[in-house]
Amino acid sequence: MKIKEILTVLEEMAPLAYAEDFDNVGLLVGDQNQEATGVLVCHDALENVIDEAISKNCNLVVCFHPILFAGLKKITGKNYVERAVIKAIRNDIAIFAIHTALDNHQQGVNKIFCDALGLKNTSILIPKQNFIRKLITFTVPENADQVRKALFTAGAGSIGNYDECSFSSTGSGTYRGNENSNPVIGEQFQTVQTNELKIEVTFEKYLESKILKALFESHIYEEVAYEIYELQNTHQNIGLGMVGSFEEAMPEEAFLQLVKDKMIAGGIRHSAFTNKKIKKVAVLGGSGSYAIKNAIMAGADAFLTADLKYHQFYEAENQLLLADIGHFESERYTKNYIVDYLRKKILNFAIILSEENTNPVKYL
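The following refers to the structure shown. The shown structure was predicted, so the numbers you read here are calculated from the model rather than taken from an experiment.

Before going further, it helps to examine the overall build of the protein. Within the protein one finds 11 helices and 15 strands. Dimensions of the protein, computed from the C-alpha atoms along their principal axes, are close to 85 × 55 × 40 Å. A buried classification covers 49% of the 364 residues belonging to the protein. Within the protein, contacts between residues separated by at least 24 positions form 72% of all contacts whose residues are at least 6 apart in sequence. When the accessible surface of the protein is totalled, it reaches about 18,700 Å², and 48% of it is carbon and sulfur. Computed over 36 positive and 46 negative side-chain charges, the separation of the two mean positions in the protein equals 5 Å.

Structure representation (structure tokens):
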């Protein structure tokens, strides 16, 4: 099995197009065409993790955080990033990062977070914007089913819990071909008027080339008329953070103790108690201070995230309990999820969970 075959499975789990624009995801180091010997899944691809990969005969390291985030102008081994990259290259080890591609996934980081706490009825906290496109095309009724089926197969027409969604309307189309034309209906230089169907479908923007390929291959016209628009609709199944609820509300102190136990947190920094019970909870794994207002607007009784600064605790405004449980802690089960996914998809192959603790924060 080549490394690129494993990368295909990873991208099925979390399409790289879901990642935020600022992020650096995908294959960061290595040759995807080399034969894979084993996969080591970790949180951070540090030098000690590369050592672990070498010792366990794994030439693909799948990490959550990208070891290469900002650009490198020199690779001399002067810091932990450069040392890890140098060691990986010397030992023909590829590094693949998944980060916000999995953060934004409906079953990703924040669903894992919610599941660990026992939260139910989850939904996206900040749905992704500018991610939906609409395709409009025109064809004769006899070709409509073939076109729709091809578009659906390519991924168009999925809306929330439904797929194969489209809208069709009838009308009259005209055209006239020149001396180089080869019309399916009519002849060169003849003005043709025919009954047509207008077909409309939505799709996720990263599928555009695949959608157009399906359209052109299924359409009977020599020249295919189509339009693509960017929609303002948010994508309810893709985005950052998540909101869920407990079956029974609980006191704030009991809630924080539950979080500490379930997420194995070394300590929790939190805002002043609101003296209200906790039932609805918003979570955002990693650095999530920008989502405090979103959590309040969602009606959450508490918001769990990490990397909060001093003044940001004031933003709770006594409307919710704001808690910083630690960056690593909020994402700690992500690598377990990746391992489980790969083991289900790739049988009889070494998929190994890293034993290295890469949390740089220690507690007294």
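With that settled, the discussion passes to the side chain of D301. The residue D301 is located in the loop between helix 9 (292-297) and strand 13 (302-306) in this model. No salt bridge is formed by the buried D301. Its closest oppositely charged neighbour is K276, at 5.3 Å. At a separation of 3.0 Å, a polar atom in the side chain of D301 contacts the main-chain amide nitrogen of K279. Residues contacting D301, with those up to four places away along its chain left out, are K277, I278, K279, K280, L320 and L321.

Here we take up the sheet that holds strand 14 (residues 321-324). Taken in spatial order, the 6 strands line up as 5-10-12-13-14-11 in an open sheet, and their pairing is mixed. Here the strands that pair on one side only, and so sit at the sheet edges, are strand 5 (120-128) and strand 11 (269-270). Of the strands in this sheet, strand 5, strand 10 (235-250), strand 12 (278-287) and strand 13 touch helix 5 (residues 109-117), which is tilted by about 135° from strand 12. Where helix 8 (residues 252-262) meets the sheet, its contacts fall on strand 10, strand 11, strand 12, strand 13 and strand 14, and the angle it forms with strand 10 comes to roughly 125°.

Contact pair helix 1 (residues 3-13) / helix 11 (residues 334-345): the axes reach a minimum separation of 11 Å and the direction vectors enclose 120°. By the angle class used here, helix 1 and helix 11 are oblique. Remark: the crossing between helix 1 and helix 11 carries right-handed chirality. Of helix 11, the residues touching helix 1 (which contributes V9, L10, E12 and M13) are Y337, I338, Y341, L342 and K345. Residue composition of the contact of helix 1 with helix 11, by class: 7 nonpolar, no polar and 2 charged.

Here we take up the state of the cysteines. For the structure shown, the criterion picks out 0 disulfides. Not engaged in a disulfide, the cysteine C42 finds its nearest cysteine sulfur in C63; these two sulfurs lie 5.1 Å apart. Of the residues examined, C42 reaches a relative accessible area of 1% and is grouped as buried.

Moving on: the packing of helix 2 (residues 47-55) against helix 3 (residues 80-90). Between helix 2 and helix 3, the least distance of the axes is 8 Å, while the angle of their chain directions is 20°. When the axis of helix 2 is compared with that of helix 3, the two are roughly parallel. The handedness of the crossing between helix 2 and helix 3 is left-handed. Of helix 3, the residues touching helix 2 (which contributes E47, I50, D51 and I54) are R83, A84, K87 and A88. Residue composition of the contact of helix 2 with helix 3, by class: 4 nonpolar, no polar and 4 charged.

A few words on the sheet that holds strand 7 (residues 167-176). Spatially, the 4 strands line up as an open sheet ordered 7-8-6-9, and their pairing is antiparallel. The open sheet has two edge strands with one neighbour each: strand 7 and strand 9 (226-230). Sheet twist, expressed as the average angle between the axes of neighbouring strands with direction ignored, equals 25°. Here strand 6 (residues 132-139) pairs with strand 8 (residues 191-204) via 8 bridges, running antiparallel. Bridging from a neighbouring strand, R133 pairs with F203 of strand 8. Taken strand by strand, helix 6 (residues 141-153) contacts strand 6, strand 7 and strand 8, and its axis lies near 20° from that of strand 8. Against the sheet, helix 7 (residues 208-218) engages strand 6, strand 8 and strand 9, with an angle of about 160° to strand 9.

Basis of the calculations
- Residues numbered from 1 in each chain as written.
- Predicted model: local features only at pLDDT ≥ 70, side-chain atom pairs only at ≥ 80, totals over all residues.
- Heavy atoms only, no water.
- Helix = DSSP H or I, 4+ residues; strand = E, 2+ residues; numbered from the N terminus.
- Buried < 20%, exposed > 50% of the residue type's maximum accessible area, 1.4 Å probe, protein only.
- Contact = heavy atoms within 4.5 Å.
- Areas by Shrake-Rupley, 256 points an atom, 1.4 Å probe, with all protein chains shown as cover.
- Lys, Arg positive; Asp, Glu negative; His and termini not counted.
- Charge placed at Lys NZ, Arg CZ, Asp CG, Glu CD.
- Salt bridge = Lys/Arg side-chain N within 4 Å of Asp/Glu carboxyl O.
- Polar contact = N/O pair within 3.5 Å; in protein donor to acceptor, adjacent residues only side chain to side chain.
- Pairing = 2+ DSSP bridges.
- Axes fitted to C-alpha atoms, helices over the stretch in contact; angles between N-to-C directions.
- Parallel < 35°, antiparallel > 145°, perpendicular 65-115°, else oblique.
- Left-handed = near helix turned anticlockwise from the far one by under 90°.
- Nonpolar A, V, L, I, M, F, W, Y, C, P; charged D, E, K, R; others polar.
- Disulfide = S-S within 2.5 Å.

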